[in-house]
Amino acid sequence: MKKNLISIIILALLIVNIALSAIMMFSVMGASRKTSALVDNIATALNLELTSGGEGGEAAKEAVPMSDIDTYDISEKMTIPLKVETNADGEEEVHYFISNITLSMNTKDKGYKKYSADLENRESLIKGEINDVISQHTVEDARNNQDQIRDEILVRIQKLFDSEFIFNVTFSDTMVQ
């Protein structure tokens, strides 16, 4: 009789254990799903922040095949005065941003056919936009935030042409002094 009673107690404890394990599994799974959704939302937000471009992420850069890219080099190296800063002695310091600038264009875009032939005639307008953007930045910005400056220039040039056929701005031989 004692063996039967012990077997019944073990069976009852086994059933209670299974029931409590099932309850615990359902409660943990709900919290796990919420945590997983939170991690997914954070990862999505971080990914959007890392890949967005332009003002407020309005123009995400599309991958343009190398065969569809044409470039336009601004004819001469640009020397642009940066925003005037005051040093610790109260004296104004003038710094310059010097660089060759290249515009990358998508040959498959409809704006390319419209504007690429006489881009040379509009170079002074492009230089004006570049000058306006760069001259608003300090020497620290010019050294540390060139990607942001490129994005601002790109947005301004795309607004100028009312087209997105120019999709990238590149600085080369850059010097900030």
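Residues numbered from 1 in each chain as written. Predicted model: local features only at pLDDT ≥ 70, side-chain atom pairs only at ≥ 80, totals over all residues. Heavy atoms only, no water.

A.B. asks: If you had to explain helix H3 (residues 123-134) to someone new, which residues and values would you point to?
C.D. replies: Spanning 12 residues, H3 covers 16 Å between terminal C-alpha atoms, matching the ideal 16 Å at 1.5 Å per step. Residues of H3 that are buried: Glu123, Ile126, Glu129, Ile130, Val133 and Ile134. Buried residues in H3, looked at end-on, bunch into an arc of 125°, giving them a common side. Buried residues belonging to H3 abut strand E1 (69-73), strand E2 (78-81), strand E5 (96-106), helix H5 (146-161) and strand E6 (166-176). (Helix = DSSP H or I, 4+ residues; strand = E, 2+ residues; numbered from the N terminus. Expected span 1.5 Å × (residues − 1). Buried < 20%, exposed > 50% of the residue type's maximum accessible area, 1.4 Å probe, protein only. Arc of directions from axis to C-beta. Contact = heavy atoms within 4.5 Å.)

A.B. asks: Account for the side chain of Ser99, naming residues and giving values.
C.D. replies: Relative to the helices and strands, Ser99 resides in strand E5. You can call Ser99 buried: its relative accessible area is 0%. Separated by 3.2 Å, the side chain of Ser99 and the backbone oxygen of Ser172 make a polar contact. Apart from the residues within four sequence positions on either side, Ser99 is in contact with Lys77, Met78, Phe171, Ser172, Asp173 and Thr174. (Polar contact = N/O pair within 3.5 Å; in protein donor to acceptor, adjacent residues only side chain to side chain.)

A.B. asks: So, unusual backbone geometry: which residues are in play, and what are the values?
C.D. replies: Glycine aside, a negative phi is what most residues show, and trans is what most peptide bonds show. For Asp162, which is not glycine, the phi torsion reads 55° and is therefore positive. Following the sequence through the fold, Asp162 ends up in the loop between H5 and E6. On the basis of relative accessible area, Asp162 is assigned to the exposed category, the value being 71%. At Asp173, a residue that is not glycine, the phi angle is positive and equals roughly 50°.

A.B. asks: Got a sec to walk through the nonpolar core? Specific residues and values, please.
C.D. replies: Formed by 28 residues in total, the largest nonpolar core has its most connected members in Ile130, Ile134 and Ile153. Broken down by element, this core gets its largest block of residues, five residues, from H5. Apart from residues no more than four positions distant in its own chain, Ile130 is found in contact with Met78, Ile80, Ile101, Ile153 and Ile157. (Core = buried A, V, L, I, M, F, W, Y, C linked by side-chain atoms within 4.5 Å.)

A.B. asks: So, the side chain of Asn106: which residues are in play, and what are the values?
C.D. replies: Its place among the elements puts Asn106 in strand E5. Dropping the residues within four chain positions of it, Asn106 is found in contact with Val64, Asp68, Tyr112, Phe165 and Phe167.

A.B. asks: How would you sum up the packing of H3 against H5? Please name residues and give values.
C.D. replies: Between two packed helices, what matters for the description is the angle formed by their axes and the separation of those axes. Contact geometry for H3 and H5: axes closest at 9 Å, N-to-C directions at 145°. Once H3 is placed against H5, the crossing between them reads as right-handed. Taken together, the residues of H5 that come into contact with H3 (itself represented by Leu125, Ile126, Glu129, Ile130, Asp132, Val133 and Ile134) are Ile149, Glu152, Ile153, Arg156, Ile157, Leu160 and Phe161. Here the contact of H3 with H5 is built from residues that sort into 10 nonpolar, no polar and four charged. (Axes fitted to C-alpha atoms, helices over the stretch in contact; angles between N-to-C directions. Left-handed = near helix turned anticlockwise from the far one by under 90°. Nonpolar A, V, L, I, M, F, W, Y, C, P; charged D, E, K, R; others polar.)

A.B. asks: Which residues make up a nonpolar patch on the surface, and what are the values?
C.D. replies: On the surface, Leu11, Leu14, Ile15 and Ile18 cluster together into a nonpolar patch covering about 400 Å² of accessible area. Leu11 sits in the partly exposed class, given a relative accessible area of 49%. (Patch = residues over 30% accessible without salt bridge, like charges linked within 9 Å, V, L, I, M, F, W, Y side chains within 5 Å. Areas by Shrake-Rupley, 256 points an atom, 1.4 Å probe, with all protein chains shown as cover. Salt bridge = Lys/Arg side-chain N within 4 Å of Asp/Glu carboxyl O.)

A.B. asks: So what's going on with the pattern of salt bridges? Residues and values would help.
C.D. replies: Summed over all chains, the structure comprises six salt bridges. Here Lys127 and Glu76 are joined by a salt bridge, their closest N and O atoms 3.9 Å apart. Taken as a pair, Lys127 in helix H3 and Glu76 in the loop between E1 and E2 lie far apart in primary sequence, 51 residues in all. Judged by its relative accessible area of 21%, Lys127 falls in the partly exposed class. What emerges from the salt-bridge pattern is a single network uniting Glu76, Glu123 and Lys127.

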